[in-house]
Amino acid sequence: MANDKKKLNVVGFLCNWCSYAGADMTGLGRNLYPSNIKIIRIPCTGRMDPMMIIEAFHNGADGVLVSGCHPGDCHYSEGNFYWRRRYPHLKSLLEHFGIDKRRFHASWVSASEGKKFAEVVKKVVAEVKDWQENG
Amino acid sequence: MKYELQLKNIKEGFRKDVERLSKQKISNCYQCGKCSAGCPVAYAMEYPPSMAMRMIQLGMHDRLMSANTSWFCVSCETCTTRCPREIDIAKVMDTLKIMAQAGKYKVSDNEVPIFDWIFLKSIELTGKIYEIGMIGAYNMLSLNPFKDVFPMGVKMILKGKISFIPHLIYNPLEMIKNIMMFRKIRKKDRERIYEKNV
Amino acid sequence: MARIGVFVCHCGTNIAGVVDVARVAKYAESLPGVRASIDYKYMCSDPGQNTVIEAIKKYNLDRIVVSACSPRMHEGTFRKTMERAGLNPYLMEMANIREHVSWVHSDDKELATQKAMKVMEMAVAKVRRSEALSKMYASIEKRALVIGGGIAGIQAAIDIAAAGYKVVLVEKEPSIGGRMAQLDKTFPTLDCSACILTPKMVAVAQDPNITLMTYAEVVEVCGYVGQFDVKIKQKAKSVNSKCIGCGVCITKCPNKKSLSEFNEKLAPRKAIYTPFPQAVPNVPVIDRENCTFFKTGKCKICEKVCPTGAIEYSQQDEIIKEKFGAVVVATGFNIYDHSNYGEYGYGEIKDVITSLQFERLLNSSGPTDGHVVRPSDHKEVKNVVFIQCVGSRDEAKHRPYCSRVCCMYTAKQAMLLKDHYPETQSYVFYIDIRSAGKNYEEFVQRAQNDYGVVYLRGRVSKIFERGEKLIVKGADTLSGAQVEVEADMVVLANGLEPRSHAKELAQLFHMSYDQYGFYNELHPKLAPVETAISGVYVAGCCISPKDIPDTVAQASATAAKVCALFAKEKMEVEPLIAAVNPLTCSGCETCYNVCPYSAIEMEDKEVKRGDVRHVAKVIESVCKGCGACVGSCYCKAVDLKGFSDRQVMNQIEAATQELSTKDKLQSTI
Amino acid sequence: MFKVAYFPGCSLSSTAKEYDVATRLVCEDLEIDLVEIPEWICCGATTAHITSELTASALPAKSLIWAEKHNMTITSPCSACFSRLKMAHINMEKDAELKKEVEEVTGEKYNGKAEVLHLTRVMLEKYGIEKIKEKLKKQLKGLKIASYYGCLMTRPPEVSENDRVENPMIMDNLARALGAEPVKWAYKTECCGAAFSLTKTEIVRKLTGEILKDAKACGADLVMVACPLCHSNLDARQPEISKLLKTNFNLPVLYFTQVMGLAMGYDYMDLMLNKHFIDPKPLLKAKGII
Ligand SMILES: Cc1cc2nc3c(=O)[nH]c(=O)nc-3n(C[C@H](O)[C@H](O)[C@H](O)COP(=O)(O)OP(=O)(O)OC[C@H]3O[C@@H](n4cnc5c(N)ncnc54)[C@H](O)[C@@H]3O)c2cc1C
Ligand SMILES: Cc1cc2nc3c(=O)[nH]c(=O)nc-3n(C[C@H](O)[C@H](O)[C@H](O)COP(=O)(O)OP(=O)(O)OC[C@H]3O[C@@H](n4cnc5c(N)ncnc54)[C@H](O)[C@@H]3O)c2cc1C
Ligand code: SF4
Ligand code: SF4
Ligand code: SF4
Ligand code: SF4
Ligand code: SF4
Ligand code: SF4
Ligand code: SF4
Ligand code: SF4
């Protein structure tokens, strides 16, 4: 696996119902991905307080991933719509503060998409690495 | 029928070569036989396409490369279009022929390569195909000088369908560029097939 | 200072095979507040749990971290362990070092071990900020909703009703019965489908605990386990309850322009119809899209001939609201539409038919009274080719899965054909024969040995017409030969897929489904009929293709789950809900507007003496703990128990710090 | 005026001269401007791709690049040329590595912008059958036409861009528009053995024989083709196949532009119908077309 031996730290916020379960499925399917990601379980992407993301970067995270149910499939009906609305704003705000856009990602991964979750992590880690190495 | 499997041809060697050059995932083939079922020339092949796929999976290059299978493939793409596992079998057949012509594995059938050689030479030298010369050269080289001359060939000439003068690229500069291009291609091909600098 | 215990599980070799669990446990000791750390082979086993309880007693722990599998697997188990040890169950956190570490980082044991330490450290950081929460209970509406009246729904309804609970069975067609009603005889015993199904259908109709709603669909769902508020649309049947099912209207209706769905479009049906003679309920409906009266304003013959005055053209669709405590979804399957197969004629060659059409042709109450004839010219058949795996195991057609029943039903159909017409010959093209079931392999062997069915191993490449015949170009990979069969009819073993609207229904309940639209069970092995939504259960082919015995077993399992839920007086619910701090709330109403459950009300409250303010308040029994309010509140006045700001911030901090140097020292020693 | 980059291909200047002539005649009437690519070189035909992947892409690339530079749709009346052009385009799109190498050996850049269409699609879809109908001088009444598509313009679907590869209809629709009767038959996309015309003639005889048999059995008066390779197999080899199968097919094989030309009022010699091995004159006379 393209594990990055250098320090490269991505914090992943995964919603309990889809992406966290999807990540469990990744494990059940034994699909490998880089170990750089540290997962925090949240009930729903609607729970995402922008402060949590800022806090992660502030503490030295190299990247952040927020992942939830596909739009329309939210366990709580609408939570991920709130997140979907907030995400682009937050992204441009972070860019404004000098956080490169390769460091902040959102994705939709359902409970059955174990393979997809591994792909998402690989992609995020690769982008963060790209930022780290090429500025 | 006994065959001693060689792990190195299953894991790397032959199978890896085919997968690399054809960019097809041969292990995806689950031997349904649909390719063989629809192949218009399978009846004449020593091993039908699905069996060829299995032989690649098992690394049986000696048997497969000396069989007529790939040389009989007409590239009709019937198999590719219908394969349930989305394998481009026609491309795999092309790859077997490319590998054979590059001499990396032993080949038996010599008919088609001669034709190909003349054909491509014709393009290299003239930019186009020079039919009568080509048919003649082919027949000479394949040791069958009068094949097809009677009656079809004669009729063709009578009907004005085959010309005696080569069609040339008129611009000599273009011609030199063309020859240079072929040089470069040959170099790159060898590098790729023998995995040099790639 | 908290007194934390850390318990690191080996899970046999599942974790310990990759992660150095002893090192993880050792590292835990270096973390502030950790008073004990223990690794054990199987933490969820009885001795494992006892280890936890003993450690809690021995070290006087007040909160723990279990570093093991996913909380989705064993959070419940260890919460109970906490209770047995006399602690509040919400002072426990799980660190997922199996699904999220050992299984996905098995390629690098060192990195996996370091990550496991980190994941454990994050859980320790979180549990430090955990608060004791008190249990909450909700009442249960002891009525069940069953959606789909196939064999799965029928069985579930009967079993729940037998336990004495009320059931509403909603079926979108005019009759219950589902696919099984369409079948002729069933493998592996070859008993007649109708003979074993009809008694069950009648039992549904007669059971005083079951309310049957046919020609109806669920359109809206609110609420949650114990308290689902469901809106059901009863489509207008145009026939009212006076109907005695005499069938005169059907006989006299002059309009037979539509094709019978039940007969798989092999025969016409009237504009007023019951799908089949044994329909339950035996009340016809008018298909308004095709009825002459509804289209032109003229006809009304059915009204004239009806002896009871049951025809009611003015009936309207009705929305019925009901409350249910639990739901069983059993919406079944469709068969794959082979018009995607150009090589098999784009569905345009008349005598290339589907497996379900063949069932109808075999059936003595079918469109041809059980005569197997060609749809094109009604001639009897002699050579019949069966092709398996059509629309299954075919990535190119986006259906890579095996449909599980088609090997069996193909063998069955070939045998039944021979029974009907001994002079016929069947050929079956297959890739593999999958016959795992009691007496299944023996059944397929019988088809080959006793019935002389010719099995050819290969997928067919092309079917085309030559004169009256169909030419089937296939292969027999076992002999390496191309084979061509001249057939009178080709029967495709179309694969199974979910009903076309399965996704929409799932979205009403927020159930998850896979890329094809099959519903996801909570756990593929250990919770095969539960879903991620508590109180919603699934059975039958809407989960995955399966045969009747498996369908019925699942249906009964859902009934057991529903009854177990209803047997309780009250239901425990997780207290992981939101709470507003009125002191910091600015009364902006943002949370009030975003809450998907209307669980927030605004009130004027005296927050300090003499200071009455307009503030938000969470209605505890309604809040589902989604956190949308928390994510939206600019004043940070609302927080979520179990996922509080402080807990998450602690996790973030731990996640972003390097491992403390102590471990590095230890690992180099 | 509607301009297209025209890649006639080697066969059209020799064995299939009549196809070229008929095509140019018809296009002139339709005001389709066929701009022949200057100094085009052979597409590599059925040979390059079994010898070297790079050659198979580099040869067509030169013409693709020309078309892209001049912002024109590129077309070929020969199915083999069309297939090679399109395949090269697709392969370079899919495989950046290959594209890079092609650019290196040709010394030019390709941006993947050329639109590659078979002549049938340029004339019958882009230009449109409806507009063609306006130019017709007569109806080919009573003529039963089996449209033969073969493999190269049909498969794989990415090349033909047809979602009904197993039963293409574009030429059948043309036949109907010309007043003729399209024949429903099973072998319209079966392979004739094109590439083996010279090397493995016995295979060509067998495959072509099956095709002719089915066309005849389904009642065709003539076979309409859009490829010189198909034509030479079906027409020039027909006498020997007839002999081999001990029948007399006597099935004239015409290029689709020749058939169009007939309906547009051109005569036998204009369209060089005399070049065919199976003379269509008796048939066309009998149907009152010439
Ligand atoms: C050709 C063929 C032959 C077979 N032969 C055999 C055999 O011999 N033996 C055997 O064991 N199995 C056989 N099977 C498999 C068998 O048919 C299934 O196992 C069984 O029918 C599954 O039952 P079900 O209740 O899950 O689904 P279904 O029978 O599909 O029932 C689902 C019901 O739900 C209704 N519904 C769907 N959506 C909604 C909605 N939104 N609202 C309300 N109602 C809805 C449908 O109208 C239907 O009545 C065969 C299958 C096929 C295709
Ligand atoms: C090698 C192997 C690998 C497998 N792998 C998988 C897999 O990866 N995934 C999967 O889903 N399935 C797998 N299975 C199948 C799986 O093991 C079974 O489905 C499952 O264990 C069946 O559980 P059971 O409770 O029916 O039977 P058992 O596990 O056999 O339990 C029966 C119990 O009853 C007890 N018992 C017996 N008689 C009496 C009596 N008279 N009085 C009291 N007690 C009695 C026995 O001691 C035993 O504890 C595998 C099976 C094998 C053989
Ligand atoms: S059609 Fe595809 S999967 Fe089937 S045998 Fe051929 S290559 Fe394998
Ligand atoms: S492309 Fe070759 S292998 Fe495939 S069907 Fe055609 S002739 Fe057979
Ligand atoms: S607690 Fe989880 S990880 Fe430990 S043994 Fe049990 S299942 Fe395995
Ligand atoms: S009104 Fe006429 S057409 Fe309509 S259902 Fe009644 S009898 Fe049939
Ligand atoms: S509606 Fe009237 S005529 Fe029709 S079945 Fe019912 S009672 Fe009989
Ligand atoms: S059950 Fe048999 S026929 Fe059906 S998809 Fe599976 S292997 Fe194919
Ligand atoms: S957490 Fe907030 S938004 Fe979600 S249900 Fe509870 S009160 Fe409503
Ligand atoms: S969003 Fe926050 S401040 Fe606004 S009303 Fe709700 S709790 Fe109060």
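Reading the values: rules and limits
Numbering of residues starts from 1 in every chain and runs along the sequence as written. A letter from A marks each chain and a number from 1 marks each ligand, given out in the order of writing. In keeping with the model being predicted, local features are shown solely for residues with a pLDDT of at least 70 and side-chain atom pairs are shown and tallied solely at 80 or more, while totals for entire chains, interfaces and linings include all residues. Side-chain numbers here rest on the full set of heavy atoms in the structure, without hydrogens or water. Strands are runs of DSSP state E lasting at least two residues, helices are runs of H or I lasting at least four, and both sets are numbered from the N terminus onward. The rule is simple: take the accessible area with a 1.4 Å probe, protein chains only, and divide by the maximum for that residue type; under 20% is buried, over 50% is exposed, in between is partly exposed. Using a 1.4 Å probe, accessible areas were evaluated by the Shrake-Rupley method; residue-level cover was limited to the displayed protein chains. Note on terminology: a nonpolar core comprises buried Ala, Val, Leu, Ile, Met, Phe, Trp, Tyr and Cys residues joined through side-chain atoms within 4.5 Å. We call two residues contacting when some pair of their heavy atoms lies within 4.5 Å. Counted as salt bridges are all cases of a side-chain nitrogen of Lys or Arg within 4 Å of a carboxyl oxygen of Asp or Glu. Any N or O atom pair separated by 3.5 Å or less is treated as a polar contact, with the protein-specific requirement of one donor-capable and one acceptor-capable atom, and with residues adjacent in sequence counted only for side-chain atom pairs. Here the nonpolar group is Ala, Val, Leu, Ile, Met, Phe, Trp, Tyr, Cys and Pro; Asp, Glu, Lys and Arg are the charged ones; every other residue, Gly included, is treated as polar. Nearness of a residue to a molecule or strand requires only that one of the residue's heavy atoms be within 4 Å of it. Note on pairing: DSSP must find at least two bridges between two strands before they are called paired. In this description, a line fitted to the C-alpha atoms serves as the axis of each element, helices being fitted only across the stretch in contact, and the angle between N-to-C directions of two axes falls anywhere from 0 to 180 degrees. Confidence of the predictor at the level of single residues is captured by pLDDT, which takes values from 0 to 100.

**Side note on the overall build of chain B**
Looking only at helices and strands, one finds 12 helices and zero strands in chain B. Element order for chain B, N to C, with α for helix and β for strand: α-α-α-α-α-α-α-α-α-α-α-α. Per-residue burial for chain B yields a buried fraction of 57% across its 198 residues. Accessible surface computed for chain B: about 9,300 Å², of which carbon and sulfur atoms make up 62%.

**Side note on the nonpolar core**
Residues Met123, Phe256 and Met260 of chain D are the most contacted members of the largest nonpolar core, which totals 117 residues. Here the element with the most residues in this core is helix H3 (residues 53-69) of chain D; it accounts for nine residues. Leaving out residues up to four positions away in the same chain, Phe256 of chain D has contacts with Tyr19, Leu119, Thr120, Met123, Met171, Leu174, Met224, Val225 and Ala226 of chain D. Membership of the second largest hydrophobic core comes to 48 residues, among which are Ile4, Val18, Leu61 and Met117 of chain C.

**Looking at the interface of chain D and chain C**
Every contact between the two is made by 11 residues of chain D and, on the other side, nine residues of chain C. In this assembly, chain D and chain C are joined by four salt bridges. The partner of Lys184 of chain D in a salt bridge is Glu465 of chain C, and the shortest N-O contact between them spans 3.4 Å. In this structure, the connection of chain D to chain C is made through six residue pairs in polar contact (both at pLDDT 80 or more). The residue makeup of the side of chain D that touches chain C, split by class, is three nonpolar, two polar and six charged.

**Let's talk about the site of ligand 7**
Near ligand 7 there are 13 residues, and of these Cys243, Cys246, Gly247, Cys249 and Cys306 of chain C occur at the shortest range. By residue class, the composition of the shell around ligand 7 is 10 nonpolar, three polar and no charged.

**Things to note about the sheet that holds strand E29 (residues 536-538) of chain C**
Residues and elements named next belong to chain C. Pairing is parallel across the open sheet formed by five strands, whose spatial order is E10-E7-E6-E18-E29. The sheet is open, and its two edges are formed by strand E10 (210-213) and E29, each paired on a single side. Going across the sheet, the axis of each strand differs from the next one's by a mean of 20°, ignoring polarity. Bridge count between strand E7 (residues 166-170) and E10: four bridges; the pairing is parallel. By the bridge assignment for E10, Leu169 is matched with Leu212.

**Some remarks on the arrangement of the chains**
No other pair of the four pairs of chains in contact has as many contacts as chains B and D. One thing to see here is that chain A and chain B don't touch, and their nearest C-alpha atoms sit 18 Å from each other. Between chain A and chain D there is no contact, and the shortest C-alpha to C-alpha separation is 20 Å.

**Some thoughts on unusual backbone geometry**
All names here are of chain C. Of the consecutive residues Phe187 and Pro188, the connecting peptide bond is found in the cis state with omega at -5°. For Pro188, the position within the fold is in the loop between strand E8 (185-186) and strand E9 (191-192). The phi angle at Arg404 is positive, at roughly 70°, despite the residue not being glycine. Residue position: Arg404 is located in the loop between strand E21 (383-390) and helix H12 (406-420). Looking at Arg404, the relative accessible area reads 41%, which means it is partly exposed.

**Description of the confidence of the model for chain B**
Predicted confidence across chain B gives a mean pLDDT of 81, with 74% of residues reaching 70 or more. At the level of chain-chain contacts, confidence expressed as ipTM amounts to 0.85, with global pTM at 0.85.

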